[in-house]
Amino acid sequence: MANRLTAISVKATALALALGFSAQVAANMYRYTDENGQIVISSTIPQEATKRGYDILSNNGRVIETIPPAPTEEEIAAREAEKQRQKELAEQREKDRALLKRFSHPDQAVKAMHRKIRELEGLIQLKRGNISVISSQLDSEQSRAANMERAGREIPDATLEKIRRLESQIRDIEREITSQTQEIEELRKAFEADIERLEEVTGEARTVPLDHTETED
């Protein structure tokens, strides 16, 4: 008998829950604006109307939830642009922190730029000196080969090979000089951008000239 009563109670509870759930589902209504701009209250809502936003109502007409309109393409584009702007601002703040760890004043960056440029220019000067030495050797070998040729003697392969090797060395060093000259220009541009940013961030203007030859004078 007890088991039967328990089974009846369980069924009754399940039925009540089911009826309550059904009543709750049935009670939900939608209030939306149709394509003509008219307010509509209905138990269903067209797919197109959901894009314009709508309200979910209870059985007594109270607003349970408001679903906002779907964003327009312009709004989506504006949001993405704002996200990108915020990302760029965050990246710039991080760069500024790193820059201020290296230099606390624009003049420090100017002096660091001058040091690096002088180092590279010193290397270039040494390489030009090497070219001068190698060119003298090349001139000597070419003159010797020319004298042999005029005398009707065959130029030894070793002499020809040495001439080719010296010419190759000069070309290699000239390429290195060209690369380091370009490196100086890129370094200068990067430093000048950092110096300009330091002036903005610190509010301090540089007092040292950008051209390192002016400081030498």
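Sequence order as written defines the numbering, with residues in each chain counted from 1. Per-residue local features are limited, in this predicted model, to residues with pLDDT of at least 70; the limit for side-chain atom pairs, both in listing and counting, is 80 or more; totals at the level of whole chains, interfaces and linings are taken over all residues. Here the side-chain values reflect all heavy atoms present in the structure, with hydrogen atoms and water set aside.

## Some details on the pairing of strand 4 (residues 63-67)
A regular strand places its side chains on the two faces of the sheet in alternate fashion. By the bridge criterion, four bridges tie strand 3 (residues 54-57) to strand 4 in an arrangement that is antiparallel. Directly across from I56, in strand 4, lies its bridge partner E65. For two strands to be treated as a pair, DSSP must find at least two bridges joining them. Numbering of helices and strands runs from the N terminus, with a helix taken as a DSSP run of H or I at least four residues long and a strand as a DSSP run of E at least two residues long. Where strand 3 folds back onto strand 4 in an antiparallel hairpin, the turn is made up of five residues, including G61, whose phi is positive at roughly 85 degrees.

## Re the confidence of the model for the chain
Mean pLDDT for the chain: 87, with 86% of residues reaching 70 or above. Confidence scores per residue from the predictor, reported as pLDDT, run from 0 to 100. The contact rule is simple, with two residues in contact once any of their heavy atoms fall within 4.5 Å. Overall, residues 1-26 carries pLDDT values under 50, and its contacts beyond four positions in sequence, including any with other chains, amount to zero contacts.

## Side note on the packing of aromatic side chains
A ring pair, where both rings are aromatic, is described by two values, the distance of the centres and the angle of the planes. When two rings of Phe, Tyr or Trp (its six-membered ring) have centres within 6.5 Å they constitute a pair, described as stacked for plane angles under 30 degrees, edge-to-face for angles over 60, and tilted for the intermediate range. A full pass over the atoms with the stated rule returns two aromatic pairs. Their ring planes at 70 degrees and their centres at 6.0 Å tell us that Y30 and Y54 sit as a pair that is edge-to-face. Of the two residues, Y30 sits in strand 1 (residues 29-33) while Y54 sits in strand 3, which places them 24 residues apart along the sequence. For Y54, a relative accessible area of 17% translates into the label buried. Ring geometry for F103 and F191: centres 6.3 Å apart, planes at 55 degrees, overall tilted. Of this pair, F103 sits in the loop between helix 3 (73-102) and helix 4 (106-150) while F191 is found in helix 5 (residues 157-202), placing the two residues 88 residues apart along the sequence. For F103, a relative accessible area of 8% translates into the label buried. Only protein chains enter the area calculation, which uses a 1.4 Å probe; residues under 20% of their type maximum are buried, those over 50% are exposed, and those in between are partly exposed.

## Topic: the sheet that holds strand 2 (residues 39-42)
As summarised here, the arrangement of the four strands in space is 2-1-3-4, forming an open sheet in which the pairing is antiparallel. Since the sheet does not close on itself, it has two edges, and those belong to strand 2 and strand 4, each with one partner. Strand after strand, the sheet turns through a mean of 20 degrees between neighbouring axes, direction not considered. Interaxial angles span 0 to 180 degrees and are taken between N-to-C directions of axes, which are lines fitted to C-alpha atoms, for helices over the stretch in contact.

## Concerning a negative patch on the surface
On the surface, E183, E185, E186 and E192 cluster together into a patch of negative charge. Tracing the backbone shows E185 in helix 5. Patches here are clusters of residues that have more than 30% relative accessible area and form no salt bridge, with a 9 Å joining cutoff for like charges and a 5 Å cutoff for nonpolar side chains (Val, Leu, Ile, Met, Phe, Trp, Tyr). Only the protein chains shown count as cover for residues, with accessible areas throughout obtained via the Shrake-Rupley method and a probe of 1.4 Å. Any Lys or Arg side-chain nitrogen found within 4 Å of a carboxyl oxygen on Asp or Glu counts as a salt bridge. In this count, Lys and Arg are taken as positive residues and Asp and Glu as negative ones, while His and the chain termini are left out. For the purpose of locating charges, the reference atoms are NZ of Lys, CZ of Arg, CG of Asp and CD of Glu.

## Observations regarding the nonpolar core
Joining through side-chain atoms within 4.5 Å is the link that ties buried Ala, Val, Leu, Ile, Met, Phe, Trp, Tyr and Cys residues into a set, and such a set is a nonpolar core. F103, M113, L187 and F191 are the most contacted members of the largest nonpolar core, which totals 26 residues. Among the elements of the structure, helix 4 and helix 5 are those that each provide at least two residues to this core. Sorting elements by how many residues they give to this core places helix 4 first, with twelve residues.

## What to know about the packing of helix 4 against helix 5
For the pair helix 4 and helix 5, the least separation of the axes is 9 Å and the interaxial angle reads 170 degrees. Compared by their axis directions, helix 4 and helix 5 come out roughly antiparallel. Within the contact of helix 4 with helix 5, the residues separate by chemical class into 23 nonpolar, nine polar and 14 charged. In what follows, roughly perpendicular refers to angles from 65 to 115 degrees, roughly parallel to angles under 35, roughly antiparallel to angles over 145, and oblique to any angle outside these ranges. Each residue gets one label: Ala, Val, Leu, Ile, Met, Phe, Trp, Tyr, Cys and Pro are nonpolar, Asp, Glu, Lys and Arg are charged, and the others, such as Gly, are polar.

## Some details on the pattern of salt bridges
Applying the stated criterion across every chain yields a total of 13 salt bridges. K83 is the partner of E80 in a salt bridge, and the nearest nitrogen-oxygen pair spans 3.7 Å. Of this pair, E80 and K83 both sit in helix 3, three residues apart, which is roughly one turn of that helix. On the accessibility criterion, E80 (44% relative accessible area) is partly exposed. Overall, the relative accessible area of 55% leaves K83 in the exposed class. K162 is paired through a salt bridge with E141; the nearest N and O atoms lie 3.3 Å apart. Taken together, the residues span a long stretch of sequence, with K162 in helix 5 and E141 in helix 4 at a distance of 21 residues. Look at K162 and you get partly exposed, because its relative accessible area is 29%. Taking the relative accessible area as the measure of exposure, E141 reaches 8% and is therefore buried. Salt bridges sharing common partners tie together D96, R197 and E200.

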